[in-house]
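The chain contents come next:
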Amino acid sequence: MINGDSFLSQVYTATTKTLLPKEKLTHIKAHPLTLEWAFGIDHTLPVFSLQDLHDQLVILYAGSHVGIIYNHTSNSQHLLQGHCSPISCLCVSEDRRWLVTADKGPGCMVIIWDSYSGIPVRTLFDCHLDRGVVSMALSRDAKHVVTLGAEEIQCVCIWDWTNDLKEPLWVTELCPDHGFQRYIIFNPNDDTELLSSSVSQVLFYKRTKTSLEYIAPELHDKTFRKAVGSLSQSVFHWKGPQALTATSAGNLVLWDMVRGFAPSRTLVREAIKLIPLQKEPITVLTRTDRCLVTGDTAGQIKCYDENIKLLGCYREFGLDAITSISFSKECVPKTPQGYQKEGTVEVKPFIDRNVLVSTVTSTVVHINTQDGVAQTLLREHCKPLHAVTCHPKQAVVAMGSHSGILKLWDYNSKVTISSRVFDTEKQIQCIAFDPQGFHLAVGFASGAVHVLDACTLQSDAEECFSYSQHCITHITFSSDSQYLATADAGKAVMVFHLQTNNGLQHWNYVGRHHSHYKPIKDLLFGVYLDSTRPRLLSLGMDRRLVEYDLDNSKENNLLILSSEQIEQSAVPTCMTWYPPLTTEHFLLTASDQFKMKLFNSTTKMCRKTLLGPTYGSPVEKIVMLPMSKEHDTSSYYLAYITNNKVGLQIMPIDGNPYKSNALICHPTGVSALACSYDGRFVFTAGGSDSTVFSWEICLNALEATAALGGKDLLPYYTLLEGGREGEFYREMEDYFYYCQLRNQGIDTMENRQVSTLIPLTEVPFVMRALGFFTTEQELEDMKNEVKFSRYAETGRYVTDIDLEEFIKLYINHRPACISKDEQLIKTFQVLCDCHELGEPVLQRDKLLELLQARGEHLTEDEVAECFTTLLGLRSKEQRPDLETNTCEEQALETVIPEEISMETFTSHILGFPSYSKSSAPE
């Protein structure tokens, strides 16, 4: 329609029935992950009625960065996907044909959708580049959309979205003295007039052919000599130029046109009257036909005529504070049953349309004004939701939030199976089913742990534990369902044991151990090799992997079996058991440096370091997908989440970037991940956005994506600067073959033995020549990785490496994204003391002491050699011996000042460009 190809347009041919559910046809999905359902609603945004016929009830609302068209009649959703940031506002045209969504984030977008087909027909990019859109509205003819920016100096822009112009037709900047404007509307009687409001100021706009101007009439408590209250929403009166604004004091402010005091005596707006309506704060003010309708914090809906005379009130539905009111597009047929006798208290409002109400507790209610019956359409979580888990044997997903609501959903039929509200503990932080599906453990922010029946969600008093005062962050069962373990924000692990006495099972508290000195990132049960005995591991930000002695732990005495430091500089983020792809049993971990590591499950030796997914932020949680019946039984896949994305990874992990895929799932942060028992879906919880998304998995699409990346070394060449034909690769090749000459002797006259291999001992020299300066521990990990690569199969060590394996080794071990310069500067700032002038300085003696005593220790000779090389104090011909080192140590005292500033450290010692505060990393 917009492009003129009406006869081909799906928008042009769409009807109100286009989005109705059709018979599901088997078709090939194009994406590895497809958003299939959205659980949750943003209660701060309005809910709109799209269709309210006898056979269909369709509404529009938002959840996180997704617009949701929900057909309550058929229990189906159509998801409007296009935003990368949370939706901040949405509106609909009067005929409900056009929907508009906008966000507040980098690269803000405004998208206009066709509600009949669900297709986006126009996107406005970078409307308010700095902060995004805080409010918007459509004109009555739906041709123009006005956006109110969230910038420090706010802008109001009016766009004609039906043409191809990339700039707004009218723009005006607002004075910050008027307060932060949060609400804007068109005058339905005159599209050239608009109104916006903050909590203290209403602005009236008038557009001409060339400009958009506004006035800010005075309004405060002295205007009417009584408390006005904070301003909420406004409407234009359907008769004449008047406008009304609702306040938190239960008043209506009446605005009208009056003669100005200027010589031209132009007409201006003024607040001419304050109308007290009620004691409760008014949160919503809207109009329909010839009625004014208000909603308040007491859950009341009141209807007034043109003279602000009360016609009726809905107060019997027990609603919470109302956040939005919407009316059906179609008028309700008038019948005698729709009216009440005059003079009674319960007179129904004179509204000819059905009413859709949303409340602050994420409840959406539909009111049939003909018979006065209210129907609850949605009742979702209204506070942060961090807990989600899947039943191990059924199509059930459980989710719990800080509002104390725990729900079980059948994710096939999309119906609630059961729910429970916790009035005492309330803040649910994490949940887990046991492997048999009999128990559901719930961890609360208060430190309490409840073990519930997985069907009824009820528990005995004996199975409600309060042994910790800190928030429970992780909770998990052993594979035999006999042990339950939790980790809390107090950096401690608790264990419970299921015991049977007289035929009755009950959970006993084993103990709590403060096993880490930094927050615990993951908690994992497993089994010992060639045994079914459970083992328990915890992983912390202190870089320690702790294993617990479950066999010898007794009541109130949880013992530690071992504690290993598994990282030097990286901070581990999560772990899981590696699938049986090799004869060796591995533990897989991820870190904040975009690396994944394989550790021998028995010796804890690092056996392999691999480049993990690099999608903006490190992997935060990983889950191995259950074996799929549709694929080869030898195929394994892994699901993961980063800060705001969800992705899939093909196993085995080998550093190939094309074997991984990810997309934005929750822009404000994803807090939990769960996988269905059949491997068809993954579920993500958004934490602060109070939503859970269901993602359908298509492994064929994932495999196809990986195949497009190429075979063998082709995917790895793309990670090298310049690729296979670039200068860096040729340099790597030259260094590699030079090592062969060096190993056979540079000055030898004997015949050379040409080979594709170099000794393992040469790997550190090639790495340094390529600019990758490793620590001794990193070198040891590299050598072990190559040395033991075939030991489990052949029983022999590998002592050399070819170029292809070396390229993989280099790509997997080198830093993924971190700049070494910034890392050094940041480290220097951490070690510094504050100078009298406020500048960070590091004492020379302290620096030399740290280099010799912390981390990988350096001797005095090694420290002197490093600094003399950096400072250029040694000529190329000098050889390091005792005498020269002594001289160098004395020279250091004269060259390096006693107090080392950032400028001295970066420019003089390291030779970086001149340091400035503006270039310092945050």
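This write-up is about the structure you can find in this document.

About the thresholds
- Residues numbered from 1 in each chain as written.
- Predicted model: local features only at pLDDT ≥ 70, side-chain atom pairs only at ≥ 80, totals over all residues.
- Heavy atoms only, no water.
- Helix = DSSP H or I, 4+ residues; strand = E, 2+ residues; numbered from the N terminus.
- Buried < 20%, exposed > 50% of the residue type's maximum accessible area, 1.4 Å probe, protein only.
- Polar contact = N/O pair within 3.5 Å; in protein donor to acceptor, adjacent residues only side chain to side chain.
- Contact = heavy atoms within 4.5 Å.
- 1 Å grid on protein atoms, 1.4 Å probe; cavity = no way out; pocket = protein on both sides within 12 Å on 5 of 7 lines; lining within 4 Å.
- Points joined across faces, edges and corners; volume = space filled by probe spheres on them.
- Nonpolar A, V, L, I, M, F, W, Y, C, P; charged D, E, K, R; others polar.
- Axes fitted to C-alpha atoms, helices over the stretch in contact; angles between N-to-C directions.
- Parallel < 35°, antiparallel > 145°, perpendicular 65-115°, else oblique.
- Left-handed = near helix turned anticlockwise from the far one by under 90°.
- Phe/Tyr/Trp six-rings, centres within 6.5 Å; stacked < 30°, edge-to-face > 60°.

A separate point is the side chain of serine 401. With respect to the helices and strands, the residue serine 401 is situated in the loop between β31 (396-400) and β32 (405-410). Here serine 401 falls in the buried class, since its relative accessible area comes to 0%. In terms of polar contacts, serine 401 uses its side chain to reach the side chain of histidine 381, at 2.8 Å. There is a polar contact of 2.6 Å between the side chain of serine 401 and the side chain of serine 403. Sequence-distant contacts of serine 401, that is, excluding residues within four places in its chain, are made with His381, Lys383, Pro384, Leu385, Lys426, Gln427 and Ile428.

This part takes up empty space enclosed by the protein. All chains considered together, the criterion is met by 2 cavities of 30 Å³ or more. The wall of the largest cavity is formed by Ala590, Ser591, Phe594, Lys595, Met596, Gly612, Pro613, Pro618 and Val619. Counting residues per element, the ones that place at least two in the lining of the largest cavity are β47 (586-591) and β48 (595-600). Grouping the constituent residues of the lining of the largest cavity by class yields 6 nonpolar, 2 polar and 1 charged.

Axis separation between helix α11 (residues 844-853) and helix α12 (residues 860-871) bottoms out at 10 Å; the angle between their running directions is 120 degrees. Judged by the angle between their axes, α11 and α12 are oblique. Taken as a pair, α11 and α12 cross one another with a handedness that is right-handed. In contact with Leu847, Leu848, Leu851 and Gln852 of α11, α12 contributes Glu860, Val863 and Phe867. Each residue belonging to the contact of α11 with α12 can be placed in one class, and the counts come to 5 nonpolar, 1 polar and 1 charged.

Turning our attention to the packing of aromatic side chains. The relative placement of two aromatic rings is captured by the distance of their centres and the angle of their planes. The final tally for this structure, using the stated rule, is 26 aromatic pairs. The interplanar angle of 65 degrees and the centroid separation of 5.5 Å between the aromatic rings of tyrosine 411 and phenylalanine 681 together place this pair among those described as edge-to-face. Here tyrosine 411, found in the loop between β32 and β33 (415-421), pairs with phenylalanine 681, found in strand β55 (residues 681-685); they are 270 residues apart in sequence, far enough to count as distant. Residue classification places tyrosine 411 among the buried residues on the basis of a relative accessible area of 1%. According to the relative accessible area criterion, phenylalanine 681 is buried, its value standing at 3%.

So far we have only geometry, and geometry alone does not tell us how the molecule works.
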